[in-house]
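One letter stands for each residue in the lines below.
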Amino acid sequence: YRIAAKPVFTPDRCYLSGETHLFAGRPYRLAVERSAEPFVRVDGTRLIIGAREPNDVAHCRRLLTAFFAMEARSLFPLRLKTVLPPFERKGLKRPHLIIRRMTKRWGSYTPNGNITLNVDLVRAGPNLIDYVICHELAHAFYGDHSEEWRNLLSSVMPDWEERKSQLETTLR
């Protein structure tokens, strides 16, 4: 599933206190603190980054990126497990899940049974992650976006078009 080629509405991130970042479908206010030991944690409505040099934008970006990757590796297998049963009933074997940075897609499905998800998808809520996974699982049966593919996706997720639209506006 390709990332929509629409204008980017989200300004470039500076990784400074006060900035808003999405995580798991919710906006969080960033707080960058000086800390001898680097960390990232969620505290209520804040994402807190502890960094040796709070003004080191590249370091703060790496810390938050690593945090998002760790959370994606925890969350995405659970989401796959949640949405997989209707596809398994149609004969699909559980695909191997790959999580990595992708610049032009939210996900992909390969004929050899791999599903790849964009780590940045962890910023979306579970319902949108589920949509991307179902979108890709439907490609296990139909390689294109044919009417058969659309019918299969609709039978598993009747509101997929709404979710698709929400994803395209939320993660811009």
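Every value quoted in this text rests on a predicted model; they were computed, and no experiment measured them.

Colleague: Mind laying out the pattern of salt bridges, listing which residues take part and the relevant values?
Modeller: Pairing between side chains of opposite charge can happen when the charged atoms of each approach one another. The final tally for this structure, using the stated rule, is seven salt bridges. Residue aspartate 43 pairs with arginine 46 through a salt bridge whose shortest N-O separation is 3.6 Å. In this structure aspartate 43 comes out as partly exposed when scored by relative accessible area, which is 37%. Residue class for arginine 46 comes out partly exposed when judged on its relative accessible area of 33%. Among the salt bridges present, the one from arginine 163 reaches aspartate 159, with a minimum N-O distance of 2.9 Å.

Colleague: Which residues make up the pairing of strand E1 (residues 20-23), and what values go with them?
Modeller: In terms of strand pairing, E1 meets strand E2 (residues 26-34) through four bridges, oriented antiparallel. Bridge pairing in E2 links leucine 22 to proline 27.

Colleague: Lay out the packing of aromatic side chains with the relevant residues and their values.
Modeller: In the structure shown here, the tally under the stated rule is seven aromatic pairs. Seen from their ring centres, tyrosine 131 and tryptophan 160 are 6.4 Å apart, and the 5° between their planes marks the pair as stacked. Taken together, the residues span a long stretch of sequence, with tyrosine 131 in helix H3 (residues 126-138) and tryptophan 160 in helix H5 (residues 160-170) at a distance of 29 residues. Like tryptophan 160, tyrosine 131 is buried. Aromatic rings pair up to connect Phe23, Tyr28, Phe67 and Phe68 into one cluster.

Colleague: Mind laying out the sheet that holds strand E6 (residues 107-109), listing which residues take part and the relevant values?
Modeller: Taken together, the three strands give an open sheet; going across it, the order is E5-E7-E6, and neighbouring strands pair in mixed fashion. Edge strands, defined here as strands with exactly one partner in the open sheet, are strand E5 (96-100) and E6. Taken pair by pair, the neighbouring strands of this sheet meet at an average axis angle of 15°, ignoring direction. With three bridges joining them, E6 and strand E7 (residues 114-118) adopt antiparallel strand pairing. When the sheet's bridge partners are listed, tyrosine 109 is paired in E7 with isoleucine 115. Helix-sheet contacts for helix H1 (residues 57-83) involve E5 and E7, and the interaxial angle to E5 is about 145°.

Cut-offs and rules
- Residues numbered from 1 in each chain as written.
- Predicted model: local features only at pLDDT ≥ 70, side-chain atom pairs only at ≥ 80, totals over all residues.
- Heavy atoms only, no water.
- Salt bridge = Lys/Arg side-chain N within 4 Å of Asp/Glu carboxyl O.
- Buried < 20%, exposed > 50% of the residue type's maximum accessible area, 1.4 Å probe, protein only.
- Pairing = 2+ DSSP bridges.
- Helix = DSSP H or I, 4+ residues; strand = E, 2+ residues; numbered from the N terminus.
- Phe/Tyr/Trp six-rings, centres within 6.5 Å; stacked < 30°, edge-to-face > 60°.
- Axes fitted to C-alpha atoms, helices over the stretch in contact; angles between N-to-C directions.
- Contact = heavy atoms within 4.5 Å.

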